[in-house]
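Chain and residue survey
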Amino acid sequence: MWDLTWCGWFATAWSRALPDMPLPEDSLRVAIAGVASLRGQDLKLWMEESGFPAGEVRLFDEEPLVGTLTDVAGEAAFIQAINQDSFRRLRFVFFAGSPAFARLHGPAAISAGAAVIDLTGELASIPGARPWIPRLDSVLAPPAHSDRAEHGGRVLLAPSAPAIMACSLCSVLAEFAARRVAITFFSPASERGNEGVEELSEQMVKLLSLQAIPQDVFDC
């Protein structure tokens, strides 16, 4: 998933963009909010395999999933509910679940002083929120050290896959003075989460059996 590529870029750039780190690298405390989503699962796996320097990883998700047993770096862990103390002393909070979950809990993470990395696109309206494509810092200005939300931490927005691709392509073509660039994107079912993948599978089964196909997620 392209937003995970973005996270890889972020990992290499965070020390430069966030120089006020009060904790040593091996003590970084981070959280994944929406960890049971496809994006959240991929993000957790990426953190484990990339060597992201997290000393503590907290796993959060919505109520039906609270208490689910999972693991972090091979160690057993439970998905937790979010309460008033959930974001205390966290440096980074990744919102990877539903937009509604990010909208509900994003302000609390920001108020706690965490740097919020929004992979859902829901927090774009937060004052001070900035989209960022780390690999294009030489072309697009990176977030400034002073870019903070009104009452707390910094909010970084992972642009959509089409936006990352379009900006990257345009930066490459800039020296050729291209007059027009046309790009066609086909969004994968996984962008709609588990519901999208499950409905696509069910649509195929229904279609092959000449039955009416479900259209709760995909309406065409």
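For the structure given in this document, a descriptive report is provided here.

Analysis parameters
Residues numbered from 1 in each chain as written. Predicted model: local features only at pLDDT ≥ 70, side-chain atom pairs only at ≥ 80, totals over all residues. Heavy atoms only, no water. Salt bridge = Lys/Arg side-chain N within 4 Å of Asp/Glu carboxyl O. Helix = DSSP H or I, 4+ residues; strand = E, 2+ residues; numbered from the N terminus. Buried < 20%, exposed > 50% of the residue type's maximum accessible area, 1.4 Å probe, protein only. Core = buried A, V, L, I, M, F, W, Y, C linked by side-chain atoms within 4.5 Å. Right-handed = clockwise from strand over helix to strand, strands pointing away. Pairing = 2+ DSSP bridges. Patch = residues over 30% accessible without salt bridge, like charges linked within 9 Å, V, L, I, M, F, W, Y side chains within 5 Å. Areas by Shrake-Rupley, 256 points an atom, 1.4 Å probe, with all protein chains shown as cover. Contact = heavy atoms within 4.5 Å. Axes fitted to C-alpha atoms, helices over the stretch in contact; angles between N-to-C directions. Phe/Tyr/Trp six-rings, centres within 6.5 Å; stacked < 30°, edge-to-face > 60°.

**Describing the pattern of salt bridges**
If you walk through the whole model with that rule in mind, you get four salt bridges. Note that Lys 44 is salt-bridged to Glu 48, the shortest N-O span being 3.7 Å. Here the residue Lys 44 and the residue Glu 48 both occupy positions in helix H2 (residues 38-50), the gap between them amounting to four residues, near one helical turn. Taking the relative accessible area as the measure of exposure, Glu 48 reaches 30% and is therefore partly exposed. Its salt-bridge partner being Arg 103, residue Glu 122 comes within 2.7 Å of it at the nearest N-O pair. Taken together, the positions of Glu 122 in the loop between strand S6 (115-118) and strand S7 (130-131) and Arg 103 in helix H3 (residues 99-111) put the pair 19 residues apart, joining distant regions of the chain. Sharing partners across several salt bridges, the network here consists of Arg 29, Glu 56 and Arg 58.

**Remarks on the nonpolar core**
Ile 32, Leu 43, Met 47 and Phe 92 are the most contacted members of the largest nonpolar core, which has 20 residues in total. At the level of secondary structure, the elements contributing two or more residues to this core comprise strand S1 (28-33), H2, strand S5 (92-95) and S6. The next biggest cluster of nonpolar side chains, apart from the first, holds 19 residues, and it includes Ile 82, Ile 110, Leu 123 and Val 155.

**Here's the deal with the pairing of S1**
S1 sits mainly inside the fold: six of its six residues count as buried. Residue alternation in S1 divides its side chains into two sets, Leu 28, Val 30 and Ile 32 and Arg 29, Ala 31 and Ala 33, and both sets are buried. Crossover connection from S1 via H2 to parallel strand S2 (residues 54-60): handedness right-handed. The pairing of S1 with S5 spans four bridges and is classified as parallel. Paired with Ala 33 across the bridge in S5 is Phe 95.

**Digging into a nonpolar patch on the surface**
Where nonpolar side chains cluster on the molecular surface, the patch consists of Met 165, Leu 169, Val 181, Ile 183 and Phe 185 and spans about 370 Å² of accessible area. Looking at where Ile 183 falls in the secondary structure, it is placed in the loop between helix H4 (161-173) and helix H5 (193-208).

**Observations regarding the pairing of S6**
Side chains Ala 115 and Ile 117 of S6 all project onto a buried face; the interleaved residues Val 116 and Asp 118 project onto the opposite face, where all are buried too. Of the crossover connections in this fold, the one passing from S5 over H3 to the parallel S6 is right-handed. Where S6 lies against strand S8 (residues 155-157), three bridges are found, and the strand directions are parallel. Its bridge partner lying in S8, Ile 117 is registered against Leu 156.

**What about the environment of Ala 166?**
Tracing the chain through its elements places Ala 166 in helix H4. In this structure the C-alpha to C-alpha distance between Ala 166 and Ala 182, which are 16 residues apart in sequence, comes to 9.3 Å. Each residue touching Ala 166, except ones within four places of it in the same chain, is listed here: Ile 183 and Phe 185.

**A word on the sheet that holds S5**
Taking strand neighbours across the sheet as the criterion, the six strands line up as S2-S1-S5-S6-S8-S7 in an open arrangement whose pairing is parallel. Where the open sheet ends on each side, the last strands, each with one partner, are S2 and S7. Sheet strands touched by H2: S1, S2 and S5. Its angle to S1, the strand with the most contacts, is close to 155°. Seen against the sheet, H3 touches S1, S2, S5, S6 and S8 and runs at an angle of roughly 170° to S5.

**Remarks on the packing of aromatic side chains**
Counted by the stated rule, this structure contains two aromatic pairs. Considering the side-chain rings of Phe 60 and Phe 87, the 5.8 Å spacing of their centres and the 70° angle between planes classify their relative orientation as edge-to-face. Residue Phe 60 is located in strand S2, and its partner Phe 87 is located in the loop between strand S4 (75-78) and S5; the two are separated by 27 residues in the primary sequence. Accessibility assignment for this pair places Phe 60 and Phe 87 in one class, buried. Judged by centre distance (6.5 Å) and plane angle (50°), the rings of Phe 87 and Phe 95 are tilted. These aromatic residues form a ring-pair network of at least three members: Phe 60, Phe 87 and Phe 95.

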